[in-house]
Amino acid sequence: MPPLHQLHLDIDARVDDIRAHHADWLCRMGCDLCCRRLAEIPALTRAEWDLLKAGLLKLSPTQLDVVRHKMLALSEQLTRPVVCPLLDEVAGACSLYEYRPVACRTYGFYVQRDLGLYCNAIKTEVEQGALAEVVWGNHDTIDRRLNALGDTRDLTEWFAELF
Ligand code: SF4
Ligand code: SF4
């Protein structure tokens, strides 16, 4: 099995376990604040880009044109945070959900030692002690596995190479 696929399965297992104990978990369709307020342009490994590219190639010419314009604007944007160019802002959902990068799969369910990595909504619950029993995923482990998936570039750089 390709390493990226195995990584997805392992992340899904942790996410499913957390959801199984919290039917009302905050991350759900329509909650898109994390995609609207990215600290930086998403960075992807080559394996993640290959998957995302497969999704992009399935978009209609019109959809791809919208993404192209957003990518160009993002590559020229100097301010932060940024809105992900793959976010369907009307639906409040990822337009390439099945193809999304690893960071999008772990965010909200994994934490990094000393950093947390909580979004503000989850951070508030953590600070109130509401999620004290959650077994969070370990993002340091994810990062080590990502390092083996090829070189890493910003999403806009990968996109500019192909489209
Ligand atoms: S990480 Fe936060 S903002 Fe993103 S989907 Fe989960 S609860 Fe919503
Ligand atoms: S790729 Fe999709 S899930 Fe990830 S930040 Fe962009 S819109 Fe959100």
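These numbers were taken from a predicted model, which means no experiment stands behind them.

Along the backbone of the protein there are 8 helices and 6 strands. Helices and strands in the protein line up, N terminus first, as α-α-β-α-α-β-β-α-β-α-β-α-β-α. Taken over C-alpha atoms, the radius of gyration comes to 16 Å for the protein, in line with the 15 Å a tight globule of 163 residues would show. Expressed as a percentage of the 163 residues in the protein, the buried residues total 20%.

Here we take up the nonpolar core. If you look at the biggest cluster of nonpolar residues, it comprises 21 residues, and the most contacted ones within it are Leu44, Leu52, Leu96 and Trp158. When contributions to this core are tallied by element, the ones reaching two or more residues are helix 1 (3-21), helix 3 (46-56), helix 7 (139-146) and helix 8 (155-162). Apart from residues no more than four positions distant in its own chain, leucine 44 is found in contact with Trp49, Leu52, Pro101, Thr152, Arg153, Leu155 and Trp158.

What follows covers the site of ligand 2. Close to ligand 2 lie Cys35, Pro42, Cys84, Leu86, Leu87, Cys94, Arg100, Pro101 and Cys104, which account for all nearby residues. Along the lines of polarity and charge, the residues of the shell around ligand 2 split into 8 nonpolar, no polar and 1 charged.

As a matter of local geometry, ligand 1 sits amid Leu26, Cys27, Cys31, Leu33, Cys34, Tyr107, Gly108, Cys119, Ala121 and Ile122. Of all the elements in the fold, those that place two or more residues in the shell around ligand 1 are helix 2 (33-36) and helix 6 (120-127). Here the shell around ligand 1 is composed, by residue class, of 9 nonpolar, 1 polar and no charged.

So, about the confidence of the model for the protein. Mean pLDDT over the protein works out to 95, with 100% of the residues at or above the 70 mark. Within the protein, helix 1 carries the highest mean pLDDT (98), whereas helix 6 carries the lowest (93).

The residue arginine 105 is located in helix 5 (residues 102-106) in this model. Residues arginine 105 and aspartate 10, spaced 95 residues apart in sequence, show a C-alpha to C-alpha distance of 11 Å.

Attention shifts here to unusual backbone geometry. A cis amide bond links arginine 80 with the next residue in sequence, proline 81, at an omega value of 5 degrees. Position of proline 81 relative to the elements: it lies in the loop between helix 4 (61-76) and strand 2 (87-88). Even without being a glycine, aspartate 114 presents a positive backbone phi close to 75 degrees. Phi at leucine 117 is positive, roughly 70 degrees, even though this residue is not glycine. Relative to the assigned elements, leucine 117 resides in the loop between strand 4 (110-111) and helix 6. Overall, the presence of 17 C-beta atoms within 10 Å leaves leucine 117 in the partly exposed class.

Let's shift gears to the environment of leucine 57. Relative to the helices and strands, leucine 57 resides in the loop between helix 3 and helix 4. Taking the C-alpha atoms as reference points, leucine 57 and phenylalanine 163, separated by 106 residues in sequence, lie 10.0 Å from one another.

Scoring rules and cut-offs
Residues numbered from 1 in each chain as written. Chains lettered and ligands numbered in written order. Predicted model: local features only at pLDDT ≥ 70, side-chain atom pairs only at ≥ 80, totals over all residues. Helix = DSSP H or I, 4+ residues; strand = E, 2+ residues; numbered from the N terminus. Rg over C-alpha atoms; globule rule 2.2 N^0.38 Å. Buried ≥ 20, exposed ≤ 12 C-beta atoms within 10 Å, placed from the backbone. Core = buried A, V, L, I, M, F, W, Y, C linked by C-beta atoms within 7 Å. Contact = placed C-beta atoms within 7 Å. Near = placed C-beta within 6 Å. Nonpolar A, V, L, I, M, F, W, Y, C, P; charged D, E, K, R; others polar. pLDDT = per-residue confidence, 0-100.

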